[in-house]
Amino acid sequence: MTEPGYFDDLYARTADPWGLSTSAYEARKYALTVAALPHERYQRCFEPGCAIGVLTALLATRCDELVAWDGAPRALEQARARVDEPGVAFALGRVPASWPRGRFDLVVVSELLYFLGEADRAGVRDKACQSLLPDGHLVAVHWRHAFDEASTDGDAAHAELDATPGLTNVLHAVETDFRLDVWARE
Ligand SMILES: C[S@@+](CC[C@H](N)C(=O)[O-])C[C@H]1O[C@@H](n2cnc3c(N)ncnc32)[C@H](O)[C@@H]1O
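(A) Quick peek at the sheet that holds strand E1 (residues 42-48). Reading across the sheet, the 7 strands line up as E3-E2-E1-E4-E5-E7-E6 and stay open at both edges, with mixed pairing between neighbours. For this open sheet the edge positions go to strand E3 (88-92) and strand E6 (167-174), each flanked by a neighbour on one side alone. Within this sheet the neighbouring strands show an average axis-to-axis angle of 15°, counted without direction. Bridge count for strand E4 (residues 104-110) against strand E5 (residues 132-143) is 6 bridges, and the pairing is parallel. When the bridges of E5 are listed, Val108 appears paired with Val139. Contacts from helix H5 (residues 118-131) reach E4, E5, E6 and strand E7 (178-185) within the one sheet, and its direction differs from that of E5 by about 145°. The strands that helix H6 (residues 154-162) touches are E5, E6 and E7; relative to E7, the one it contacts most, it runs at about 10°.

(B) Local environment of the site of the ligand. Residues in close proximity to the ligand total 18 residues, the closest being Tyr11, Tyr30, Gly49, Asp70 and Ser110. The contact in question runs from an oxygen atom of the ligand to an N or O atom on the side chain of Tyr30, over 2.5 Å. Within the backbone of Val95, an N or O atom sits 2.8 Å from a nitrogen atom of the ligand. Its free accessible area being 600 Å², the ligand has 98% of it covered by the protein chains. In terms of residue class, the shell around the ligand is built from 11 nonpolar, 4 polar and 3 charged.

About the cut-offs
- Residues numbered from 1 in each chain as written.
- Predicted model: local features only at pLDDT ≥ 70, side-chain atom pairs only at ≥ 80, totals over all residues.
- Heavy atoms only, no water.
- Pairing = 2+ DSSP bridges.
- Helix = DSSP H or I, 4+ residues; strand = E, 2+ residues; numbered from the N terminus.
- Axes fitted to C-alpha atoms, helices over the stretch in contact; angles between N-to-C directions.
- Contact = heavy atoms within 4.5 Å.
- Near = heavy atom within 4 Å.
- Polar contact = N/O pair within 3.5 Å; in protein donor to acceptor, adjacent residues only side chain to side chain.
- Areas by Shrake-Rupley, 256 points an atom, 1.4 Å probe, with all protein chains shown as cover.
- Nonpolar A, V, L, I, M, F, W, Y, C, P; charged D, E, K, R; others polar.

Okay, here's the thing in structure tokens:
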């Protein structure tokens, strides 16, 4: 689990700490993530941990409304500058302590869960399930390898989602470096 302030310090040192806007690996993974969405259009999506908004920009092309949150103000400044679409609402917010009101037909959790401790990962699973409409989709995509700041790895975080009552896996793609899953809310 990352310490409070970890991401603020990271963004203070580097505008794009993971090369989200420049890496070919990230661009391909984002394209696969969006291609994996089972529905052509979604009415209302929640993307917690949106970082600098690179995936947000792609999701916005498929969603009427998109609520995108991050816990780091510097990341959100960049995200707002990158994505200036009327349906996209960025806000500062840390999940699962906070969660947006209302229901969603899409929740996208990309490269976030292993930064959360066990209880917070459980909180995200609970709140995602509670806020997903029937037949809504939960998408998760995570790096599979261990790294210093991670509380767990991507495979384990996805296994927790797989074991969550009310979610049925409808897409499962595993590569050497990342795992991409889609679950439907029963
Ligand atoms: C690796 S980046 C995620 C990138 C983005 N989802 C993507 O795939 O392009 C992790 C982001 O999660 C944010 N974050 C970490 N913990 C969070 C939390 N509890 N709530 C909201 N955002 C959080 C960090 O500030 C950081 O911007």
